[in-house]
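# Understanding the architecture of this molecule
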Amino acid sequence: MISYAEYLECTNCNKTFDYITPYRTCNDCGKVLYVRYDINKAKINFDRNILSTRINSMWRYFEMMPIKNEENIVSLGEGMTPLLSVPNLSKSLGCSQIYIKDEGCNPTGSFKARGLSAAVSRAKELGLSKLTIPSAGNAGGALSSYCARGNMEAHVFMPKDAPTANKRESLDSGANVTLIDGLISDAGKISREKAQKNGLFDVSTLQEPYRAEGKKTMGYEIAEQLNWTTPDVIIYPTGGGTGLIGIWKAFQEMYELGWIDKPKTKMICVQASGCAPIVKAYESGETNATMWENASTFASGIRVPAAIGDYLILNAIRESNGTALTVTDQEMIDCIQMIASKEGIYPAPEGAATLAGLKHLLKSNIVNPEEKIVLMNTGNAYKYLDMWKS
Ligand SMILES: *Cc1c(COP(=O)(O)O)cnc(C)c1O
């Protein structure tokens, strides 16, 4: 198989970079780099009908993935998670077609597996063997697992009040774990310092171009699972925003490949009321977000006070006619129980936040009950059992 990955492009200043040097962010403006593909060649040579013969993981989209040599793929079978229709839930909300994309089925119990499979694979391809990450929890666990799988070294910087599962999975899979008295943003500073000092490659969210490529595969899968259509609404629990902008990137790529019609999906961002920098920026019409002080929510994956990709998230929301809104921790707990008791899916708090968001959106008529709605359940509740009481 041939990957049509061709170069990197800055999403802010459009400067381009070669595809052999391990760049992290734009060396001119410091903003986020995207992998760009030779779409014209891919359009001729990558027929979506070939997918029925492909492996049942996110690597089935190899031509539009960032790894040049298949041998460098470090995989645990991530992706191709079920897109479940949820009739009981739909009925109780008066909706006709709600789906849950159940990312809790991924290796390591969250969709962080996608991003880190891609980032670790590409690091291996570029000859980088020592990786460091600041993490709210799940990303650290995923980096640790994929580094173990790829015989690489993982360094994880995580808040000391992250879920127990995240600390233990990182330690048990052999990572060097440092617990921080602070948030992911504080962990980020320390991770960057260690990277500088000890020659580690920092794979912080959107500070290297490849995690987003792993997460974009959710967009490819949703379209494939809906028989090459896109839903009317996608509700996404937003921390660093990699998945939201990744899905939007995937939709643009598939449109350029001629695989789907112009996507009309409204991209909707849900955040916790205790940590909502993107919602605040969206509501005040800003193109960038400001740091959220004293961030607090038990949904650790969205306890992210500042996102380097803020402008990309806000742009995807606005370009898609989406919106952004907050929900409370108590609403998330209620929705974990509602999803579990109505459908037997046991969602992470972040995944439950999408249902809490949907309830508000229906009440305010921003989403109508006839629309095809996809809720992103980004992880598995089993990883959070110490974070709330039933
Ligand atoms: C990291 C994480 C999120 C937020 O994902 P982003 O793409 O960084 O916005 C949501 N849910 C879970 C379970 C996570 O681990």
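Quick look at the structure, then. (Residues numbered from 1 in each chain as written. Predicted model: local features only at pLDDT ≥ 70, side-chain atom pairs only at ≥ 80, totals over all residues. Heavy atoms only, no water.)

### Things to note about the packing of aromatic side chains
- Under the defined criterion, the tally for this structure stands at ten aromatic pairs.
- Aromatic side chains tyrosine 346 and tyrosine 382 sit 5.6 Å apart centroid to centroid with 75° between the ring planes, which places their arrangement in the edge-to-face category. One end of the pair, tyrosine 346, is in the loop between helix H11 (329-343) and helix H12 (349-363); the other, tyrosine 382, is in the segment after strand E13 (372-377), with 36 residues separating them in the sequence.
- The exposure class of tyrosine 346 is partly exposed, given its relative accessible area of 29%.
- According to the relative accessible area criterion, tyrosine 382 is exposed, its value standing at 57%.
- Joined through ring pairs, the aromatic side chains of Phe46, Tyr61, Tyr220, Trp228 and Trp259 make up one cluster.
- Lying over the aromatic face of phenylalanine 111, lysine 215 brings its terminal NZ or CZ to 3.9 Å of the ring centre.
- In this structure, lysine 249 is placed above the aromatic ring of tyrosine 34, and the distance from its NZ or CZ to the ring centre is 5.3 Å. (Phe/Tyr/Trp six-rings, centres within 6.5 Å; stacked < 30°, edge-to-face > 60°. Helix = DSSP H or I, 4+ residues; strand = E, 2+ residues; numbered from the N terminus. Buried < 20%, exposed > 50% of the residue type's maximum accessible area, 1.4 Å probe, protein only. Lys NZ or Arg CZ within 6 Å of the ring centre and 35° of its normal.)

### Some remarks on helix H8 (residues 242-257)
- Taking 1.5 Å per residue as the helical rise, H8 with its 16 residues ought to reach 22 Å, and the 22 Å between its terminal C-alpha atoms agrees with that figure.
- Buried residues dominate H8, accounting for 13 of its 16 residues.
- The first or second residue beyond H8 is glycine 258, which carries a positive phi of 80°. (Expected span 1.5 Å × (residues − 1).)

### Describing the site of the ligand
- Near the ligand there are 17 residues, and of these Lys112, Tyr236, Gly239, Gly241 and Thr378 occur at the shortest range.
- For the ligand, an oxygen atom lies 2.9 Å from a polar atom in the side chain of asparagine 138.
- Contact distances for the ligand include 2.6 Å between an oxygen atom and a backbone N or O atom of glycine 241.
- Protein contact buries 97% of the 390 Å² of open area that the ligand shows by itself.
- Within the residue set of the shell around the ligand, elements represented by two or more residues are strand E10 (233-237) and H8.
- In terms of residue class, the shell around the ligand is built from five nonpolar, nine polar and three charged. (Near = heavy atom within 4 Å. Polar contact = N/O pair within 3.5 Å; in protein donor to acceptor, adjacent residues only side chain to side chain. Areas by Shrake-Rupley, 256 points an atom, 1.4 Å probe, with all protein chains shown as cover. Nonpolar A, V, L, I, M, F, W, Y, C, P; charged D, E, K, R; others polar.)

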